[in-house]
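What the coordinates show
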Amino acid sequence: MGCFVYCFLGTAKDVTLGPTAIMSLLVSSYAFHEPVYAILLTFLSGCIQLAMGLLHLGFLLDFISCPVIKGFTSAASITISFNQVKNILGLQGIPRQFFLQVYETLRRIGETRAGDAVLGLACLAVLAGLRAMKSRLPRAACMEPLAARLSYLIVWTSATGLEDLGSPGTHLLPSLPPPWAPGRFITVALSTTARNALVVLFAGLVAYSFQVMGSQPLTLTGSIPQGLPAFRLPRFSMAAPNGTIPFRSMVEDMGVGLAVVPLMGLLETVAIAKAFASQNDYRIDPNQELLALGFANVLGSFVSSYPITGSFGRTAVNAQSGVCTPAGGLVTGALVLLSLAYLTSLFYYIPKAALAAVIISAVVPMFDAGIFRTLWRVKRLDLVPLCVTFLLCFWEVQYGIVAGVLVSGILLLYSIARPPIKVSEGDVLLVQLGSSLHFPAMECLRDAVCSRALAAASPPRSVVLDCCHISSIDYTVVVGLAELRQELRKHGLSLAFCSLQDPVLKVLLSADLEGFQHFPSREEAERCGGVEPGDESSLLPTGLIQ
């Protein structure tokens, strides 16, 4: 259901919605392993996400900074890749938690199944070779014989997909429409997955051949239940041995899960969407993403789904396969439905090692080692949220994202509370803020002014606050400025303002500050710097106070 809904409402072409390991753990915690609770949690989570979208709360997602995104994607590429190592090696019973996973894999590496390891490494090598062909294969010329052009067509389709065949200079399919043309998305979605599909198909044939010969050295996907769920309303009560659990009791039982599940699903989806949008040069609309995820969960509850979110692994495979629009979800959803209805028996022979190789090949390029060096060169403080996110994502992805957002928020609040302040001494003490003035910064400004104005051997008679960078103030700032003026006045100093913007001037005039004076420019403030405390208003140029 998520594939179809996101196709029409989503804004990220690469994102694939579906069940994830993180969401599975959260749902199991708050749904008590009861399907009725899980389905109702899906419905309510979707309603909450829809409400957030309708209230345009998507701006909250703008607080997920680029270092957080980079830390998340780099850590996720490592954890997802290592999570597939057990399938490459044919190991069973490996725990999901990353550190336990590493320990158990290394401890049991002697139990590696040779067949799985050989097939998995071979698939990885083939996928890497096909990807390398994209940049190294020569282009076919228009004058090449037909047989040569067909050969190029087969190789390029396997290695890169048809979106490159129609590009300038290829001359294989000169009439191929652009990616956004009607009907093109089906061609792209089917053809650009050729690299992954060929590897899986080849591995399946190898596994089937071993099965026919009576020996099976490979670990297979195995049986998959066939059939589709019924379309019906989620149940708002549940039968129990001692009666019926009403809707209100079910909601109370889920408790904070009604906040944690939708928010974690949203954070994960948007983090993935932003990561791939940055990599593939397009933009997402956070409010639209809220609506898409909300509708997907609400409609998913009608087909017995538990809460879904963006999947990093599937999204990476989607991006590596060359999908050009969200309409690729139609093909994905249709293939899933077709497979569940008729083709589950064919999936029995797909080796897990081959699937693991496809996933590893898709997520490894998402690791950005250069971001650490870039941030060290550009702004080292941004390494803090990057490293916090990166390290905690190895524990749990949701903790890493939340911690990274919190650290980024703290750094943002610190820069607001401690703005750069430049103080110049002369006939007047000129104080200039390097950024806007908000109430957390009032104490910092007060300390900076008093420490310089009152500590000087021959203190100036006037302090001028240059407000050219201040676009808005609140009541707390007004009160703080009034208190600062009173403190300066006790020591025989006056406080004046210059370069006030209209919104700030309006607030200060409305506050009716005693002895308030302001000048249109810094030069005029310095020229009138000999104003005596108590005589400020009399020496102001005509018309400055209105």
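Remember, it's a predicted structure, so these values are computed and weren't measured experimentally.

1. Topic: the overall build of the protein chain
Secondary structure assignment for the protein chain yields 23 helices and nine strands. Taken across its 546 residues, the protein chain has 47% of its residues classed as buried. Of all intrachain contacts in the protein chain linking residues separated by at least 6 positions in sequence, the fraction that spans at least 24 positions is 75%. For the protein chain, the accessible surface area stands at approximately 26,600 Å², while carbon and sulfur atoms represent 65% of it.

2. Remarks on the sheet that holds strand β7 (residues 462-466)
With mixed pairing, five strands are arranged side by side in an open sheet as β5-β6-β7-β8-β9. At either margin of the open sheet sits one strand with a lone partner, and together these are β5 (421-425) and β9 (518-519). Here helix α20 (residues 442-453) sits on the sheet in contact with β5, β6 (429-433) and β7, set at roughly 160 degrees to β6. Seen against the sheet, helix α21 (residues 475-490) touches β7 and β8 (494-498) and runs at an angle of roughly 135 degrees to β8.

3. Regarding the packing of aromatic side chains
With the rule as written, the count across this model stands at 13 aromatic pairs. Judged by centre distance (5.5 Å) and plane angle (85 degrees), the rings of Phe43 and Phe236 are edge-to-face. One end of the pair, Phe43, is in helix α3 (residues 35-54); the other, Phe236, is in the loop between α10 (194-213) and β2 (238-240), with 193 residues separating them in the sequence. Owing to a relative accessible area of 17%, Phe43 belongs among the buried residues under this scheme. Classification of Phe236 by relative accessible area gives partly exposed; the value is 34%. Ring geometry for Tyr208 and Tyr349: centres 5.1 Å apart, planes at 90 degrees, overall edge-to-face. Here the residue Tyr208 occupies a position in helix α10, and Tyr349 occupies one in the loop between α15 (328-343) and α16 (352-363), the gap between them amounting to 141 residues. Residue classification places Tyr349 among the partly exposed residues on the basis of a relative accessible area of 25%.

4. What to know about α20
Taking 1.5 Å per residue, 12 residues should reach 16 Å; α20 reaches 16 Å between its end C-alpha atoms and fits that length. Along α20, the residues classified as buried are Met442, Cys444, Leu445, Ala448, Val449, Cys450 and Ala453. Considering only its buried residues, α20 is in contact with α19 (397-417), β5, β6, β7 and α21.

5. Topic: the pairing of β6
One face of the sheet, then the other: side chains in a regular strand alternate in exactly this way. In terms of burial, β6 is largely enclosed, as five of its five residues are buried. Burial along β6 is two-sided: Leu429, Val431 and Leu433 and Leu430 and Gln432, pointing in opposite directions, are all buried. Looking at chain direction, β6 and β7 are connected through four bridges and run parallel. Bridge assignment links Val431 to a residue of β7, and that residue is Leu465.

6. A closer look at the pairing of β8
The element β8 is extensively covered by neighbouring structure, given that five of its five residues are classed as buried. A two-sided burial pattern is seen for β8, the buried positions comprising Ser494, Ala496 and Cys498 on one face and Leu495 and Phe497 on the other. Here β7 runs beside β8; their pairing, made up of five bridges, is parallel. Of the residues in β8, the one forming a bridge with Leu465 is Phe497. Taken together, β7, α21 and β8 form a β-α-β motif whose crossover is right-handed. As paired strands, β8 and β9 are joined by two bridges and run parallel to one another.

7. Quick word on unusual backbone geometry
Here His56, not a glycine, exhibits a phi torsion of approximately 55 degrees, which is positive. Examined against the element boundaries, His56 turns out to sit in the loop between α3 and α4 (66-89). Among the residues examined, His56 registers a relative accessible area of 53% and is labelled exposed. One non-glycine residue, Asp512, lies in positive phi territory at about 55 degrees. Assignment of secondary structure puts Asp512 in the loop between α22 (502-511) and β9.

Parameters and conventions
Residues numbered from 1 in each chain as written. Predicted model: local features only at pLDDT ≥ 70, side-chain atom pairs only at ≥ 80, totals over all residues. Heavy atoms only, no water. Helix = DSSP H or I, 4+ residues; strand = E, 2+ residues; numbered from the N terminus. Buried < 20%, exposed > 50% of the residue type's maximum accessible area, 1.4 Å probe, protein only. Contact = heavy atoms within 4.5 Å. Areas by Shrake-Rupley, 256 points an atom, 1.4 Å probe, with all protein chains shown as cover. Pairing = 2+ DSSP bridges. Axes fitted to C-alpha atoms, helices over the stretch in contact; angles between N-to-C directions. Phe/Tyr/Trp six-rings, centres within 6.5 Å; stacked < 30°, edge-to-face > 60°. Expected span 1.5 Å × (residues − 1). Right-handed = clockwise from strand over helix to strand, strands pointing away.

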